[in-house]
Amino acid sequence: MLRSHLVRVNRLVRLYNTSTREKLKGYEFYEKTLGSPKYIVGPMVEQSELAWRILSRRYNAQLCYTPMFHSKLFYHPIHGEDYRRDQWSTQPEDRPLIVQFCANDPDILLKAAKLVENDCDAVDLNLGCPQYIAKKGRYGSFLQDEWDTIHQLISTLDRELKVPVTAKIRVFESVSKSVEYAKMIESSGAQLLTVHGRLREQKGHHTGLADWSKIKAVKDAIKIPVIANGNILYYDDVQKCLHETGADGVMSAEGNLYNPTLFSEQTVPPLTYQIAQEYLEICRDLVPSTRPPIIKSHLFKLFHASLPVYADLRDKLSSANTFNEMWHFTEKMSLRLQREQQTNDELDGSPDQNGIRRYSPWRCQVKKKRTRVII
């Protein structure tokens, strides 16, 4: 009862502070509201949900983004409430927090953003999604040639919201065009810019490496804080990226999914089954509950190095549809991996020919391939 009362009080205080405080800009916003974060968990559709954000914050994530929400679905007058109940949740301790939307209509974006402005520290415009669904829906990186539309989207939020507006972009082939693009977004009213150093075409089998030199060029050219994104698989990558780009912070998305402790300096990554158990305990205790498909997706990534060996457990996870089934799967996988640990030596994490470090299968590790290119 006392805890419930304190949560309500904290929420009222947060609502009051959000409604009465001055809307800060640029570095004042970055420092005073966000706390000068250097380690940032990026927006991931149905993956950076509340339970995963709680887990990531325990391991030194200093700022988290929600999954990308579709502004039209979020605000929809008939189905919007169901969409929000299904997709969006937070709590007073889930701060600092930036809520991300995709959009191409300033009025709809504003109406959606108004629904979250009292429960977040900023609203972000997704200008980086390169997937076909974004092309079909005319949002994400497929707006990057529509500068007037982008200006209207950002300037509307800057003018009308209680909280600042930020943006996340991809770069162009040309450094100069990437810089001019960033300047346009800054002049439209964005108070922080995340730059993913890949082109719109770099996705799937053509992902390749992000170009940190373009991030540095943007950082050198604009006056608002810049967050670097791309090529972040290990803690060492974070430090190298900060040094080479001069960015104010570094965002990890996919790397965080394979190892949510990525922002903590360690000699070896954590045990997969311990991280999975910790995540499941968060999900078990959280209200509202995390949807089973989201949990399953996280478990597939955490255990990806072990699932090919234990085909029977892989099949169990594939067919699992409830939290209890995933809990029991994790218990069984934990026992198998602990036995494997007792009879096998630890791999030392030496990088392979693609620069991917190989650890024992009971350790959190990335699956992604990357070419050995000096950035």
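Scroll up a little and you will see the structure.
Residues numbered from 1 in each chain as written. Predicted model: local features only at pLDDT ≥ 70, side-chain atom pairs only at ≥ 80, totals over all residues. Heavy atoms only, no water.

Engineer: Which residues make up unusual backbone geometry, and what values go with them?
Structural biologist: At the junction of Arg95 and Pro96, the peptide bond is cis and its omega measures out at -5° in the coordinates. One can find Pro96 in the loop between helix 5 (80–87) and strand 3 (97–102). Along the chain, Val287 connects to Pro288 via a cis peptide bond; the corresponding omega equals 0°. Along the chain, the position of Pro288 falls in the loop between helix 13 (272–285) and helix 14 (292–302). Look at Arg138: it is not a glycine, yet its phi comes out positive at around 55°. (Helix = DSSP H or I, 4+ residues; strand = E, 2+ residues; numbered from the N terminus.)

Engineer: Describe in detail the sheet that holds strand 8 (residues 249–252), supporting the description with residues and values.
Structural biologist: The parallel closed barrel is built from eight strands, whose spatial order is 1-2-3-4-5-6-7-8. Strand-to-strand twist across the sheet, computed as the mean angle between neighbouring axes with direction ignored, equals 25°. Relative to strand 4 (residues 122–127), strand 3 is paired through four bridges, and the arrangement is parallel. Opposite Gln100, over in strand 4, you have Asp124 as the bridge partner. Strand contacts of helix 3 (residues 50–58): strand 1 (39–41), strand 2 (63–70) and strand 3, with the helix running at about 160° to strand 2, the strand carrying the most contacts. (Pairing = 2+ DSSP bridges. Axes fitted to C-alpha atoms, helices over the stretch in contact; angles between N-to-C directions. Contact = heavy atoms within 4.5 Å.)

Engineer: So, the pattern of salt bridges: which residues are in play, and what are the values?
Structural biologist: Applying the stated criterion across every chain, the model contains 23 salt bridges. Residue Glu146 pairs with Arg138 through a salt bridge whose shortest N-O separation is 2.9 Å. What makes Arg138 partly exposed here is its relative accessible area of 36%. Of the charged contacts in the structure, one is a salt bridge between Arg363 and Glu346, with a shortest N-O distance of 2.7 Å. (Salt bridge = Lys/Arg side-chain N within 4 Å of Asp/Glu carboxyl O. Buried < 20%, exposed > 50% of the residue type's maximum accessible area, 1.4 Å probe, protein only.)

Engineer: An account of the layout of surface pockets is requested, with residue identities and associated values reported.
Structural biologist: In this structure, the largest pocket encloses a volume near 970 Å³. Lining the largest pocket are 40 residues, with Pro43, Met44, Pro130, Gln131 and Ala253 positioned closest to its centre. Of all the secondary structure elements, the ones that give two or more residues to the lining of the largest pocket are strand 2, helix 5, strand 5 (165–170), strand 8 and helix 12 (254–258). For the lining of the largest pocket, the class distribution of residues is 16 nonpolar, 16 polar and eight charged. (1 Å grid on protein atoms, 1.4 Å probe; cavity = no way out; pocket = protein on both sides within 12 Å on 5 of 7 lines; lining within 4 Å. Points joined across faces, edges and corners; volume = space filled by probe spheres on them. Nonpolar A, V, L, I, M, F, W, Y, C, P; charged D, E, K, R; others polar.)

Engineer: Give a detailed account of the packing of helix 3 against helix 13, specifying residues and quantitative values.
Structural biologist: Contact geometry of helix 3 with helix 13 gives a least axis separation of 9 Å together with a crossing angle of 130°. One finds that helix 3 runs oblique with respect to helix 13. Two packed elements cross with a definite hand, and for helix 3 against helix 13 that hand is right-handed. Each of Ala51, Trp52, Ile54, Leu55 and Arg58 in helix 3 lies in contact with helix 13, whose residues at this interface are Ile275, Glu278, Tyr279, Ile282 and Cys283. Looking at the contact of helix 3 with helix 13, its residues break down into eight nonpolar, no polar and two charged. (Parallel < 35°, antiparallel > 145°, perpendicular 65-115°, else oblique. Left-handed = near helix turned anticlockwise from the far one by under 90°.)

Engineer: Any chance you could break down helix 10 (residues 212–221) for me, citing the residues and the numbers?
Structural biologist: Listed as buried for helix 10 are Trp212, Lys214, Ile215, Ala217, Val218 and Lys219. The inward-facing, buried residues of helix 10 contact helix 2 (26–33), helix 9 (175–188), strand 6 (193–196), strand 7 (226–229) and helix 11 (235–245).

Engineer: Account for the nonpolar core, naming residues and giving values.
Structural biologist: Counting residues in hydrophobic clusters, the biggest one holds 90 residues, and the most contacted among them are Phe101, Val123, Leu127, Ile185, Leu193 and Phe303. The next biggest cluster of nonpolar side chains, apart from the first, holds twelve residues, and it includes Tyr30, Leu63, Tyr65 and Ile227. (Core = buried A, V, L, I, M, F, W, Y, C linked by side-chain atoms within 4.5 Å.)

Engineer: Describe in detail the pairing of strand 7, supporting the description with residues and values.
Structural biologist: By the alternation rule, side chains of strand 7 split into Val226 and Ala228 and Ile227 and Asn229, which are all buried. Relative to strand 7, strand 6 runs parallel, the two being bridged by four bridges. Considered in strand 7, the bridge of Thr194 is made with Ile227. Where the polypeptide runs from strand 7 across helix 11 and back to strand 8, its parallel neighbour, the crossover connection is right-handed. (Right-handed = clockwise from strand over helix to strand, strands pointing away.)

Engineer: Now, about the packing of aromatic side chains: what can you tell me, with residues and values included?
Structural biologist: This model, assessed by the stated rule, comprises 13 aromatic pairs. For the ring pair Phe172 and Tyr181, a centre distance of 5.1 Å and an interplane angle of 80° mean the geometry is edge-to-face. With a relative accessible area of 0%, Tyr181 lands in the buried category. Seen from their ring centres, Phe323 and Trp327 are 5.9 Å apart, and the 45° between their planes marks the pair as tilted. Of this pair, Phe323 and Trp327 both sit in helix 16 (residues 323–343), four residues apart, which is roughly one turn of that helix. Overall, Phe323 belongs to the partly exposed group, its relative accessible area being 21%. Among the aromatic side chains, those forming a connected cluster through ring pairs are Phe69, Phe74, Tyr83, Trp88 and Phe101. Over the ring of Phe74 we find Arg84, and its NZ or CZ is 5.9 Å from the ring centre. In this structure, Arg357 is placed above the aromatic ring of Tyr234, and the distance from its NZ or CZ to the ring centre is 4.3 Å. (Phe/Tyr/Trp six-rings, centres within 6.5 Å; stacked < 30°, edge-to-face > 60°. Lys NZ or Arg CZ within 6 Å of the ring centre and 35° of its normal.)

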